Amino acid sequence: MTIHIRSYFAVGMATLLLISSPAAGNDPRESAVRHWTSAFDRGEGGFGTEPKFPQPVVLTLLLHEAVRGRDKALLAQVTHTLDRMAASGLRDQLGGAFHRHAEDRAWRVPHFGVTLGDNAALAILYLEAWQATRNPDHAAVARGILDDLLRRFALPDGAFAAANDSESEEREGRYYTWTEDEVRAVLPAAEAKAFIAAYLDGRRGLIDGRVLPRLAGAAGTLARTESALADARARLLDARSRREAPKVDDRVLTSWNALAVSAFAKGGRILGEERYRKVARSTMVRLMEGSLWKGRLSHVRRGGVLTGETFLEDYALTAQALLDLYETDFDHGWLDEARRVAHEMLDLFQPEPGAPPRDTPVDARSGTPSPRVVLAEDGAMSGAAAALTALNRLALLGAGTRIENEARDLMQALDRPLAIESGSAPGLGLALDFRSHETREVVIVGIPESEGTRAMVEAAHARLLPGVVLTAIDPDHPPDPDIWPLLAPRPMKNGLTTAYVCRNMVCDMPVTTVKDFTAILDGANGR
């Protein structure tokens, strides 16, 4: 299998010229929703016929729009797709990760490659779906992806490998398929019967006469089935591990590792799993230590050898990951590093102030620079989309005049092209969530380990809040307000943990109870 490290799918223009802004009131996200819902497969979920890709960025945009607009029908479309994918052959039902794409409309037979980038993006999508729906199936799928990434791709140096091949024993998918006799050889009779009934449909999706596990039953049964058959699934997974496994592409891709950091950071805070937080922190430290080539982030390394290439997505997704780490543990060091990476990103990739950053550096040290910013996206997110999102988030935190100006100018420059081709750049649509006129800044002031502060933070982490930046301030150790203005010292009312919900640094009346805080948060969603 050849992994194309930097591939874009063609949906509309691959490169877009910068022209004047569109008429006021034309929201590209609404156009993108119309574009993608018109292609929605209402029977099997997903888009189009076959081959069928998960499209995590598209589904994330639709999920955010459903939540922002309180659109129950759109939310149902998104969750229908998530449920169909999670129960299908697209997902490794024993391991938890997703394969690259399905060859058929019903997601029965996948192309068996597994990539880090796709699965990190899918983990984030299912985590956010859990926030939006509280459906335990979505939490179970997210947890399964993260645990499987640790099994499959964790390298001794603390980073993650790029991908698994699709073949083993010179056969596509051989590693993942079973016969009923093989299941009975591993499990006691009663457990084998239950597993076969739940997962092995010998009538459909056969591969060389063998069955790829898929979950039978109605939507909403995934978490219950996995829990009931946890021991059986663990024993089968152990037995499978003794087969000849697909080869691992052990290259470390900076952009995909950064996306994995975001996924583990969000998994840690949304699922309350400290082990995921530790993975996120340690992976980021290793990434920043091991991926530097002559002072720049290298796109790829294998072992200790770096290519020296670097791309916009490496810097943009790293800045995003650092911000996600900050919103997980509120260590100001992550913010400082995110701002430093963003400044370096602008220095390397922006041809001139106010212009969108290019996909490759503007000098010749990393190859020939691209003449246009590339907006069309692959399974994760374009570099331009991640860069705009990171700059917007940093600007809301008060990262300084340069970042604030560039975030504003880039938003204006991409406004018209995005309106024309909104369907091809869903990641840029997500960046619009952080426009200053609709975003919220949430500031929690309290002693970090107090019950009140923990309850406030958990309430914020439990909700999907598109376009919200979240901060927490220790009143005994506030950051320098000249460095991070949003984190300027604020009073605690009556000595209690106090939450401020603000827009453009103008705040509502502070609240000190979780009930009042959640009422404000829940009211912040919606147009």
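Above this note sits the structure.
Quantities reported herein were computed from a predicted structural model and do not represent experimental measurements.

### Comments concerning the nonpolar core
Then, in step 1: Met-85, Tyr-126, Ile-444 and Phe-517 are the most contacted members of the largest nonpolar core, which totals 154 residues.
Then, in step 2: At eleven residues, helix α4 (residues 116-133) tops the list of elements feeding residues into this core.
Then, in step 3: Ignoring sequence-local partners within four residues, the contact set of Met-85 consists of Pro-54, Leu-59, Leu-90, Arg-91, Phe-98, Trp-107, Leu-122 and Tyr-126.

### Description of helix α13 (residues 332-349)
Then, in step 1: Under the 1.5 Å per step criterion, the end-to-end length of α13 is 26 Å for 18 residues, consistent within 8% with the ideal 26 Å.
Then, in step 2: For α13, every residue scored as buried is listed here: Trp-334, Leu-335, Ala-338, Arg-339, Val-341, Ala-342, Glu-344, Met-345, Leu-346, Leu-348 and Phe-349.
Then, in step 3: Buried-residue contacts for α13 involve α11 (274-290), β12 (296-297), α12 (312-329), α14 (383-397) and α15 (401-420).
Then, in step 4: Capping the start of α13, Asp-331 holds a side-chain oxygen 2.8 Å from the backbone nitrogen of Gly-333, two or three residues further along.

### Section: empty space enclosed by the protein
Then, in step 1: Scanning the model with the defined rule gives four cavities of 30 Å³ or more in all.
Then, in step 2: Empty space within the largest cavity amounts to approximately 690 Å³.
Then, in step 3: In this structure, the largest cavity is lined by 38 residues; those nearest its centre are His-64, Ile-124, Glu-128, Lys-266 and Asp-324.
Then, in step 4: Going through the elements one at a time, α2 (56-68), α4, α10 (254-271), α12, α14, α16 (426-431), α17 (451-461) and β16 (468-473) are the ones with two or more residues in the lining of the largest cavity.
Then, in step 5: The biggest single contributor to the lining of the largest cavity is α10, with six residues.

### Examining the sheet that holds strand β18 (residues 506-507)
Then, in step 1: With mixed pairing, four strands are arranged side by side in an open sheet as β16-β15-β17-β18. Strand pairing shows two members of the sheet lacking a second neighbour, β16 and β18, which therefore form its edges.
Then, in step 2: Running over the sheet, α17 touches β15 (440-445), β16 and β17 (498-503) and is turned about 160° from β15.

### A short note on the packing of α4 against helix α5 (residues 136-153)
Then, in step 1: Contact geometry of α4 with α5 gives a least axis separation of 8 Å together with a crossing angle of 155°. One element, α4, and the other, α5, form an angle in the roughly antiparallel class. With respect to the hand of their crossing, α4 and α5 are arranged in left-handed fashion. Along its contact with α4, which presents Leu-116, Asn-119, Ala-120, Leu-122, Ala-123, Tyr-126, Leu-127, Ala-129, Trp-130 and Thr-133, the element α5 presents Pro-136, His-138, Ala-139, Val-141, Ala-142, Ile-145, Leu-146, Leu-149 and Phe-153.
Then, in step 2: Looking at the contact of α4 with α5 residue by residue, the class counts come to 16 nonpolar, three polar and no charged.

### Describing the side chain of Arg-339
Then, in step 1: Tracing the backbone through its elements, the reader meets Arg-339 in helix α13.
Then, in step 2: The side chain of Arg-339 sits in the buried core without any salt bridge; Asp-336 is the nearest counter-charge, 4.0 Å away.
Then, in step 3: There is a polar contact of 3.0 Å between the side chain of Arg-339 and the backbone oxygen of Ile-483.
Then, in step 4: Apart from residues lying up to four places away in sequence, Arg-339 is in contact with Leu-394, Gly-398, Ala-399, Gly-400, Ile-403, Ile-483 and Trp-484.

### A look at the packing of α2 against helix α3 (residues 72-87)
Then, in step 1: Look at α2 against α3: their axes get within 8 Å of each other, and the N-to-C directions meet at 145°. Crossing angle aside, the handedness with which α2 passes α3 is left-handed. Residues Leu-59, Leu-62, Leu-63, Glu-65 and Ala-66 of α2 form the contact with α3, whose participating residues are Leu-74, Leu-75, Val-78, Thr-81, Leu-82 and Met-85.
Then, in step 2: Looking at the contact of α2 with α3 residue by residue, the classes come out as nine nonpolar, one polar and one charged.

### Points about the sheet that holds strand β9 (residues 248-249)
Then, in step 1: Judged by pairing direction, the sheet is antiparallel, and its three strands sit side by side in the order β3-β4-β9 without closing on themselves. Every other strand in the sheet has two partners, leaving β3 (114-115) and β9 as the edge strands with one partner each.
Then, in step 2: Of the strand pairs in this sheet, β3 and strand β4 (residues 163-164) are connected by two bridges, and their pairing is antiparallel. Note on β4: the bridge partner recorded for Val-114 is Asn-164.

### Comments concerning the packing of aromatic side chains
Then, in step 1: The full count for this structure, using the stated rule, is ten aromatic pairs.
Then, in step 2: A ring pair is formed by Phe-160 and Phe-264, whose centres lie 5.6 Å apart and whose planes are at 15°; its orientation type is stacked. In this pair, Phe-160 sits in the loop between α5 and β4 while Phe-264 sits in helix α10, placing the two residues 104 residues apart along the sequence.
Then, in step 3: Judged by relative accessible area, Phe-264 falls into the buried class, the value being 0%.
Then, in step 4: An angle of 65° between the planes, with centres 5.8 Å apart, marks the rings of Phe-264 and Tyr-276 as edge-to-face. Remark: Tyr-276 occurs in helix α11 and Phe-264 occurs in helix α10; sequence separation between them is twelve residues.
Then, in step 5: Members of the aromatic cluster, connected to one another through ring pairs, are Trp-36, Phe-40 and Phe-47.
Then, in step 6: Geometry around Trp-178 places Arg-243 over its ring, the cationic atom sitting 4.0 Å from the centre.
Then, in step 7: Over the aromatic face of Tyr-500 sits the side chain of Arg-490, whose NZ or CZ is 5.4 Å from the ring centroid.

Parameters and conventions
- Residues numbered from 1 in each chain as written.
- Predicted model: local features only at pLDDT ≥ 70, side-chain atom pairs only at ≥ 80, totals over all residues.
- Heavy atoms only, no water.
- Core = buried A, V, L, I, M, F, W, Y, C linked by side-chain atoms within 4.5 Å.
- Buried < 20%, exposed > 50% of the residue type's maximum accessible area, 1.4 Å probe, protein only.
- Helix = DSSP H or I, 4+ residues; strand = E, 2+ residues; numbered from the N terminus.
- Contact = heavy atoms within 4.5 Å.
- Expected span 1.5 Å × (residues − 1).
- Polar contact = N/O pair within 3.5 Å; in protein donor to acceptor, adjacent residues only side chain to side chain.
- 1 Å grid on protein atoms, 1.4 Å probe; cavity = no way out; pocket = protein on both sides within 12 Å on 5 of 7 lines; lining within 4 Å.
- Points joined across faces, edges and corners; volume = space filled by probe spheres on them.
- Pairing = 2+ DSSP bridges.
- Axes fitted to C-alpha atoms, helices over the stretch in contact; angles between N-to-C directions.
- Parallel < 35°, antiparallel > 145°, perpendicular 65-115°, else oblique.
- Left-handed = near helix turned anticlockwise from the far one by under 90°.
- Nonpolar A, V, L, I, M, F, W, Y, C, P; charged D, E, K, R; others polar.
- Lys, Arg positive; Asp, Glu negative; His and termini not counted.
- Salt bridge = Lys/Arg side-chain N within 4 Å of Asp/Glu carboxyl O.
- Phe/Tyr/Trp six-rings, centres within 6.5 Å; stacked < 30°, edge-to-face > 60°.
- Lys NZ or Arg CZ within 6 Å of the ring centre and 35° of its normal.

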